[in-house]
Amino acid sequence: MPTYACNNEITDVFYSGYTIERIYGCDNRLSYQRGKPIARVMVSDNPDWIYIMDYGNNSAVTRSDVETSLTTGELNSIIYLQILDGCVKIDDNAFKGITTLTKITTLGYDVTTVGKAAFSGCTSLTDPVYIGCNVTKINSNAFKDCPQLTRINVCPDVPPALGTGAFDNTNDCPIVVPSGKASVYRYASGWSNYASRIQ
């Protein structure tokens with residue numbers, strides 16, 4: 001697991017489209033390279049860790065992966081999370097109860113399934129959550145008990161299958177769906193429970 005904290009600086013970040021390929025820190029040393037399972041890097045003006053999950057094509061991020069890749073202290077200090085393209089599933093309970101997590105910067109373009117209680121109990125999650133265009137299923141309690149959420153953005157034109165309680169106790173925040181699709185979502189199975197929040 002690459003670790004970098006030299007002078008708490010990042011000097012260069014290389015992207016391919018919206019995907020981070022490489023991150024360099026001071027002395028031009030490589031801190032993260034795409035294809036590695038997990039990396040943590042320090043941001044120059046923020047003392048908190050960013051965790052980048054990259055498990056390759058057609059893979060799933062599991063709770064076991066998370067717990068074996070991180071120490072208990074690291075697991076309990078995740079602030080920002082980025083899941084890279086290639087991951088197709090966020091497994092059941094993968095990030096459940098990580099109370100320091102405030103922002104999911106990228107959920108992963110290729111993700112099709114969000115598992116049961118995958119982000120349940122992330123009580124500090126405040127930034128808008130983006131449900132990617134390829135998501136077809138959001139399982140029960142996926143985001144339950146995230147009481148500070150400010151918005152849930154949903155990309156698919158066709159409502160993904162939605163399990164019970166997926167967005168319960170999420171601050172009654174708006175659920176923003178594609179233009180012209182609000183009625184479709186409000187009457188869709190599971191989504192109808194959140195009809196008053198769908199915009």
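Procedures and definitions
By convention here, each chain's residues receive numbers from 1 onward along its written sequence. The predicted nature of this model means local features are confined to residues of pLDDT at least 70 and side-chain atom pairs, given and counted, to a pLDDT of 80 or more, with totals for whole chains, interfaces and linings taken over all residues. Excluding hydrogens and water, the side-chain figures rest on all heavy atoms present in the structure. Strands are labelled as partners when DSSP assigns at least two bridges between them. We count a stretch as a helix when DSSP gives it H or I for four or more residues in a row; a strand needs E for two or more, and each element gets its number in order from the N terminus. We call Phe, Tyr and Trp rings a pair once their centres come within 6.5 Å, taking the six-membered ring for Trp, and we label the pair stacked below 30 degrees between planes, edge-to-face above 60, and tilted otherwise. Type-normalised accessible area, obtained with a 1.4 Å probe on protein chains alone, sets the label of each residue: buried when under 20%, exposed when over 50%, and partly exposed for intermediate values.

Engineer: Is there a simple way to think about the pairing of strand E9 (residues 87-90) in this case?
Structural biologist: For a regular strand, the rule is simple: side chains alternate between the two faces of the sheet. Here three bridges tie strand E7 (residues 59-61) to E9, and the two strands are oriented parallel to one another. Among the inter-strand pairings, alanine 60 is bridged to a residue of E9, identified as lysine 89. When E9 meets strand E11 (residues 113-114), the two strands line up parallel, connected through two bridges. Across the sheet, lysine 89 pairs through a bridge with threonine 113, a residue of E11.

Engineer: Looking at this structure, I do not really get the packing of aromatic side chains. What am I missing?
Structural biologist: A ring pair, where both rings are aromatic, is described by two values, the distance of the centres and the angle of the planes. This structure, assessed with the given rule, holds six aromatic pairs. Consider the rings of phenylalanine 143 and phenylalanine 167, whose centres lie 6.0 Å apart with planes at 20 degrees: the pair is stacked. Separated by 24 residues along the polypeptide, phenylalanine 143 in the loop between strand E13 (137-138) and strand E14 (152-154) and phenylalanine 167 in the loop between strand E15 (161-162) and strand E16 (175-176) bring together distant segments of the chain. In this structure phenylalanine 143 comes out as buried when scored by relative accessible area, which is 1%. When the ring of phenylalanine 167 is compared with that of tryptophan 191, the centres are 5.7 Å apart and the planes differ by 50 degrees; the resulting orientation is tilted. With a gap of 24 residues between them, phenylalanine 167 in the loop between E15 and E16 and tryptophan 191 in the segment after helix H3 (182-186) connect regions that are remote in the sequence. An identical accessibility class is assigned to phenylalanine 167 and tryptophan 191; each is buried. Feature note: the residues Phe95, Phe119, Phe143, Phe167, Tyr185, Trp191 and Tyr194 constitute an aromatic cluster, connected by ring pairs.

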